[in-house]
Amino acid sequence: MPMKNLLKFGLIGLVVLLVPIGEAQGNDGYAAWLRYAPLEEGPIRASYRAAAARISSPPDSVVLRSAAAELQRGLTAMLARKVPVIDGADGDG
């Protein structure tokens, strides 16, 4: 097979592989891993809302602040209200 045909089929193969990637640009993969679907209105969401009044995070830990921000993002999406992050390791703050 001539080199020209190999290049032609190689480019066609590349385009075929990239088409699904282009179609999925709206989903960056992050949302697929941690989707945080909203909970339906009802007793389960009400009990979660009551239990998740606030998130406590020590101000001097970058890792725990990052975890608290991710938890806040998830709870906000799932409970349809923002859960505040407060400073402090004991949750009294």
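Since the structure is predicted, the reported quantities are computational estimates derived from the model, not experimental observations. (Residues numbered from 1 in each chain as written. Predicted model: local features only at pLDDT ≥ 70, side-chain atom pairs only at ≥ 80, totals over all residues. Heavy atoms only, no water.)

### Here's the deal with the overall build of the chain
Threshold: In this description a helix means any DSSP run of H or I spanning at least four residues, a strand means any run of E spanning at least two, and both kinds are numbered starting from the N terminus. To sort residues, take the accessible area from a 1.4 Å probe on protein chains only and compare it with the maximum for the residue type: under 20% means buried, over 50% means exposed, and anything in between is partly exposed. The contact definition used throughout considers only heavy atoms, calling two residues in contact when any of these lie within 4.5 Å. Here the accessible surface of atoms and residues is derived via Shrake-Rupley with a 1.4 Å probe, and residues count as covered only by protein chains that are part of the display.
For the chain, the count of helices and strands is 4 helices and 2 strands. In the chain, the order of α-helices and β-strands from amino to carboxyl end is α-α-α-β-α-β. Split into buried and exposed, the 93 residues of the chain put 17% on the buried side. Within the chain, counting contacts between residues at least 6 apart in sequence, those at least 24 apart form 64% of the total. When the accessible surface of the chain is summed, it comes to about 7200 Å², and 65% of that surface belongs to carbon and sulfur atoms.

### Considerations on the side chain of S57
Relative to the helices and strands, S57 resides in strand β1 (residues 55–57). When residues no more than four places from it in sequence are discounted, the contact partners of S57 are L64, R65, A68, V85, I86, D87 and G88.

### Observations regarding the nonpolar core
The cut-off we apply is this: Nonpolar cores were defined as sets of buried Ala, Val, Leu, Ile, Met, Phe, Trp, Tyr and Cys residues, with membership established by side-chain atoms within 4.5 Å.
With 6 residues, the main nonpolar core is built from A52, I55, A68, L75, L79 and V83. The element best represented in this core is helix α4 (residues 62–79), accounting for 3 residues. Once residues within four sequence positions are removed from consideration, I55 is found in contact with A68, L71, Q72, L75, V83, P84, V85 and I86.

### Remarks on the pattern of salt bridges
Selection rule: Whenever Lys or Arg places a side-chain nitrogen within 4 Å of a carboxyl oxygen from Asp or Glu, that contact is recorded as a salt bridge.
Inspection of the entire model under this criterion finds 3 salt bridges. Between E41 and R45 there is a salt bridge; the shortest N-O distance is 2.5 Å. Judged by relative accessible area, which is 64%, E41 ranks as exposed. For D87, the salt bridge identified is with R65, shortest N-O distance 2.8 Å. Pair noted here: D87 is in strand β2 (residues 85–87) and R65 is in helix α4, with a separation of 22 residues, a long-range link. Assessed through its relative accessible area of 31%, R65 is described here as partly exposed.

### Here's the deal with unusual backbone geometry
A positive phi angle is found at A80, which is not glycine, with a value near 60°. If you trace the backbone, A80 turns up in the loop between α4 and β2.

### Digging into the environment of R65
Taking the C-alpha atoms as reference, R65 lies 8.9 Å from V85; in sequence the two are 20 residues apart. Setting aside its immediate chain neighbours within four residues, R65 contacts S57, P58, P59, V85, I86 and D87.

None of this, on its own, says anything about what the molecule does.
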